[in-house]
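# Topology and contacts: notes
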Amino acid sequence: MTLDTKKPEAVAAFLAKARKRLKGIQDAESEQRKNEKEDLRFRGKDQWSAEAQLERGANANGVKVPQRPMLTIDLIQQPDQLIYNQANKADLGVKLHPAGENADDELVEVKQDLYRRIQRDGGAHVARMWAFDRAKKCGRGWYRVVKQYDEDADLTGPGAFDQEIAYERILDQQNVYIDPSAQKADFSDAKYAFVVVWMSVEDA
C-alpha cells in the first residue's frame, strides 16, 4: 500500500485503520501479555504474591505489619541455563544446498560464505539469543532484520551509499504487535504488524 502523504484525508484514513488494528491486537492479546509480565516478574525472583508480601512486612496503607522472612528458592535457574547453553552452542544459520539439474556447487558455496559473513557482521547470534531467552522465559521473543549503511564503504566513491543487512534486538517482546489472525507458527502469514518504541517527550 502506497500512502500519499500530500493528501490529508488519505493520511487520516491510514491512521484510523492503524489505530483500529492496534486496538484489535491489544484486545486479543490482553491475557497473553498479562501472563508474559507475570512470568518475567516471577523469573526476576519476585515470586511472592502481593497478599503474602503484605503479610510479611510490606506497608499496607501506610501501616507497617510485623516483619517475616520471604525466602525465594530458585528451582528454575539450572534447567533454564541448560536450555540456554544448548541453544547458544547450536548453529542456527541457514544451510544452502544445490538443487536442480543446473545447480552450481561453486555458486552455492559463494552464497553460503556471503550468508555467513552477514550473520557474523550483522550481529545475528546476539539478536537471536536475546529473542530466544525472552521466548524461554515468557513465551515470545522478537528481533528485526534491518538495513544499515556499510561502515566500510568509501564515502567518496560510487559505493558511498551501499547498505548491508543487520540484526537488531527488540528488548521488550511486548513492543511487537502482530496480526492476531495469523495461523502459522512463525507468523509469516500475518497481514500487518506494529513495532512500538519508547521515547522521551522531547524526542516525540
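Since we're looking at a predicted model, the values are computed, not measured. (Residues numbered from 1 in each chain as written. Predicted model: local features only at pLDDT ≥ 70, side-chain atom pairs only at ≥ 80, totals over all residues. Heavy atoms only, no water.)

A few words on the overall build of the chain. Looking only at helices and strands, the chain features five helices and six strands. If you list the helices and strands of the chain from N to C, you get α-α-β-β-α-α-α-β-β-β-β. A compact globule built from 204 residues would reach a C-alpha radius of gyration of about 17 Å, whereas the chain, at 24 Å, exceeds it by more than 25%. The C-alpha extent of the chain, read off along each of the three principal axes, is 75 × 55 × 40 Å. When each of the 204 residues of the chain is scored for burial, the buried share is 22%. Taking the contacts inside the chain whose residues are at least 6 apart along the sequence as the reference set, 49% of them involve residues at least 24 apart. Carbon and sulfur atoms make up 54% of the accessible area of the chain, which amounts to about 15,600 Å² in all. The averaged location of the 35 negative side-chain charges in the chain is 7 Å from the averaged location of its 32 positive side-chain charges. (Helix = DSSP H or I, 4+ residues; strand = E, 2+ residues; numbered from the N terminus. Rg over C-alpha atoms; globule rule 2.2 N^0.38 Å. Buried < 20%, exposed > 50% of the residue type's maximum accessible area, 1.4 Å probe, protein only. Contact = heavy atoms within 4.5 Å. Areas by Shrake-Rupley, 256 points an atom, 1.4 Å probe, with all protein chains shown as cover. Lys, Arg positive; Asp, Glu negative; His and termini not counted. Charge placed at Lys NZ, Arg CZ, Asp CG, Glu CD.)

With that out of the way, let us pick up the pattern of salt bridges. Under the defined criterion, the tally for this structure stands at 16 salt bridges. The salt bridge involving Arg120 is made with Asp121; its shortest N-O contact spans 3.1 Å. Residue Arg120 is classed as exposed on the basis of its relative accessible area, which comes to 58%. Connected through salt bridges with shared partners, the residues Arg43, Asp74, Asp80, Asp133, Lys136 and Lys137 form a single ionic network. (Salt bridge = Lys/Arg side-chain N within 4 Å of Asp/Glu carboxyl O.)

Moving on to the packing of helix H3 (residues 77-89) against helix H5 (residues 124-138). One way to put it is that H3 packs onto H5 with a least axis distance of 11 Å and a crossing angle of 150°. Judged by the angle between their axes, H3 and H5 are roughly antiparallel. In the packing of H3 onto H5, the handedness of the crossing is right-handed. Where H3 approaches H5, its residues Asp80, Ile83, Tyr84, Ala87 and Asn88 are matched on the opposing element by His125, Met129, Phe132, Asp133, Lys136 and Lys137. Of the residues belonging to the contact of H3 with H5, the class tally is five nonpolar, two polar and four charged. (Axes fitted to C-alpha atoms, helices over the stretch in contact; angles between N-to-C directions. Parallel < 35°, antiparallel > 145°, perpendicular 65-115°, else oblique. Left-handed = near helix turned anticlockwise from the far one by under 90°. Nonpolar A, V, L, I, M, F, W, Y, C, P; charged D, E, K, R; others polar.)

Let us now look at unusual backbone geometry. Excluding glycine, residues mostly carry a negative phi; peptide bonds, for their part, are mostly trans. A positive phi angle, close to 60°, is found at Phe187, a residue other than glycine. Tracing the chain through its elements places Phe187 in the loop between strand E5 (176-178) and strand E6 (193-195).

Along helix H1 (residues 8-43), the sharpest change in direction is near 60° and occurs at Glu29. Within the span of H1, buried status applies to Ala18, Ile25, Glu29, Arg33, Glu36 and Arg43. Looking one or two places after H1, you find Lys45, whose phi comes out positive at around 75°. (Bend = angle between axes of the 7 residues up to and from the residue.)

Under the definition given, this model contains four aromatic pairs. The cationic tip of Arg33 hangs over the ring face of Tyr177; the distance from NZ or CZ to the ring centre is 3.9 Å. (Phe/Tyr/Trp six-rings, centres within 6.5 Å; stacked < 30°, edge-to-face > 60°. Lys NZ or Arg CZ within 6 Å of the ring centre and 35° of its normal.)

So, about the confidence of the model for the chain. Keep in mind that low pLDDT regions are not for reading the predicted coordinates in detail. Across the chain, pLDDT averages 87, with 94% of residues at or above 70. At the low end of the mean pLDDT range in the chain sits strand E1 (residues 59-60), at 55; at the high end sits E5, at 96. (pLDDT = per-residue confidence, 0-100.)

Any two packed helices are characterised by the angle at which their axes cross and by the distance between the axes. Running from amino to carboxyl end, H1 crosses H5 at an angle of 95°, the nearest separation of the two axes being 8 Å. Taken as axis vectors, H1 and H5 run roughly perpendicular relative to one another. Listed contacts from H5 to Gln32, Glu36, Asp39, Leu40 and Arg43 of H1 are Arg134, Lys137 and Cys138. Looking at the contact of H1 with H5, its residues break down into two nonpolar, one polar and five charged.

Nonpolar side chains collect at one region of the surface, where Tyr143, Val145 and Ile165 lie side by side and expose about 260 Å² of accessible area between them. Note that Tyr143 resides in strand E3 (residues 143-149). We classify Tyr143 as partly exposed; its relative accessible area is 32%. (Patch = residues over 30% accessible without salt bridge, like charges linked within 9 Å, V, L, I, M, F, W, Y side chains within 5 Å.)

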